[in-house]
Protein chains: 2
Amino acid sequence: MSLAATPPTPYFAVIFTSIRAEGDEGYGEMAAHVLELARQQPGFLGFESARQEIGISVSYWSSLEAIAAWKQNAFHREAQKRAQDWYASFRVRVCRVEKEYGERR
Amino acid sequence: MSLAATPPTPYFAVIFTSIRAEGDEGYGEMAAHVLELARQQPGFLGFESARQEIGISVSYWSSLEAIAAWKQNAFHREAQKRAQDWYASFRVRVCRVEKEYGERR
């Protein structure tokens, strides 16, 4: 995984933070498929993810409409319904990215 | 580490994503001290972090002014100057959090 190469601001981000429940319960397979589908959505700009004690996944999007459309994706909706099987707790934060800087080498 | 307990939206987030350079070079000690100082800053609301292939740290703030003041903190500025010793690449994204939802159990 590399850092997401996002366009000039403004664009949007969804920060998904979570603590996993015990057991896999099909989680690994679902997560891979959800990401594969997200990458195919209109307005998808990039994805970054890491997990230690907590998991943080950030997806980047061109607009709030693109985020809303992805939330309504049929497979994604099925996955959302199973959240209680996979997560002890989770938070979703929808953000407008105002400014970006950094260094790539 | 638990998920950050943030107030009602809107508030602000800084998403810091990075790929580490080889060697510690004082990184661990600096990172712990930077976080300790951030927690004491006015407007600091919470912090979440995880690292695998990439590192993702998200800090939450009450305003853009609080973020700007933290960026100017003397020790934090010294740490920023040493970024090239610690990171192969990094991105900083300053965001306005528009919406938050989720479940805690």
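Residues numbered from 1 in each chain as written. Chains lettered and ligands numbered in written order. Predicted model: local features only at pLDDT ≥ 70, side-chain atom pairs only at ≥ 80, totals over all residues. Heavy atoms only, no water.

Topic: the overall build of chain A
Of regular secondary structure, chain A possesses four helices and four strands. When the elements of chain A are put in sequence order from the N terminus, they spell out β-α-β-β-α-α-α-β. In terms of principal-axis extent, the alpha carbons of chain A reach across some 40 × 30 × 20 Å. Sorting the 105 residues of chain A into buried and exposed places 46% on the buried side. Taken as a whole, chain A presents about 5,300 Å² of accessible surface, with 51% of it coming from carbon and sulfur. Placing the 13 positive and 13 negative side-chain charges of chain A at their respective mean positions leaves the two points 6 Å apart. (Helix = DSSP H or I, 4+ residues; strand = E, 2+ residues; numbered from the N terminus. Buried < 20%, exposed > 50% of the residue type's maximum accessible area, 1.4 Å probe, protein only. Areas by Shrake-Rupley, 256 points an atom, 1.4 Å probe, with all protein chains shown as cover. Lys, Arg positive; Asp, Glu negative; His and termini not counted. Charge placed at Lys NZ, Arg CZ, Asp CG, Glu CD.)

Considering the side chain of Ser63(B)
Residues and elements named next belong to chain B. With respect to the helices and strands, Ser 63 occurs in the loop between strand E3 (55-61) and helix H2 (64-71). Residue Ser 63 is classed as buried on the basis of its relative accessible area of 18%. A polar atom in the side chain of Ser 63 sits 3.0 Å from the backbone nitrogen of Ala 66. (Polar contact = N/O pair within 3.5 Å; in protein donor to acceptor, adjacent residues only side chain to side chain.)

With respect to the interface of chain B and chain A
At the interface, 43 residues of chain B touch 43 residues of chain A. Surface buried jointly by chain B and chain A totals about 4,100 Å² across both partners, of which 56% is contributed by carbon and sulfur atoms. Contact with chain A buries surface across chain B, with Arg91(B), Arg93(B) and Tyr101(B) losing the most and accounting together for 17% of the total. For the pair chain B and chain A, the interface holds six salt bridges. (Contact = heavy atoms within 4.5 Å. Buried area = accessible area lost by both parts, 1.4 Å probe. Salt bridge = Lys/Arg side-chain N within 4 Å of Asp/Glu carboxyl O.)

Some details on the nonpolar core
Among the nonpolar cores identified, the biggest contains 24 residues, and Ile15(A), Ile56(A), Val58(A), Ile15(B), Ile56(B) and Val58(B) are the most heavily contacted of them. For this core, the elements supplying multiple residues, two or more each, are strand E1 (11-20), strand E3 (55-61) and strand E4 (87-104) of chain A together with strand E1 (11-20), E3 and strand E4 (87-104) of chain B. Dropping the residues within four chain positions of it, Ile56(A) is found in contact with Ile15(A), Phe16(A), Thr17(A), Glu48(A), Ser49(A), Ala50(A), Glu48(B), Ser49(B), Ala50(B), Ile56(B) and Val58(B). (Core = buried A, V, L, I, M, F, W, Y, C linked by side-chain atoms within 4.5 Å.)

So, the pairing of strand E2 (residues 44-51) of chain B
All names here are of chain B. In this structure, E2 lies alongside E3, joined through seven bridges in antiparallel fashion. Within E3, the residue paired with Ser 49 across the bridge is Ser 57. Hairpin connection from E2 to E3: three residues lie between these consecutive antiparallel strands. (Pairing = 2+ DSSP bridges.)

Topic: the side chain of Glu48(A)
The residue Glu48(A) is located in strand E2 (residues 44-51) in this model. Classification of Glu48(A) as buried rests on a relative accessible area of 0%. Beyond its immediate chain neighbours, meaning those up to four positions away, Glu48(A) contacts Met1(A), Ser2(A), Leu3(A), Ala4(A), Ile56(A), Ser57(A), Val58(A), Tyr60(A), Thr17(B), Ile54(B), Ile56(B) and Arg93(B).

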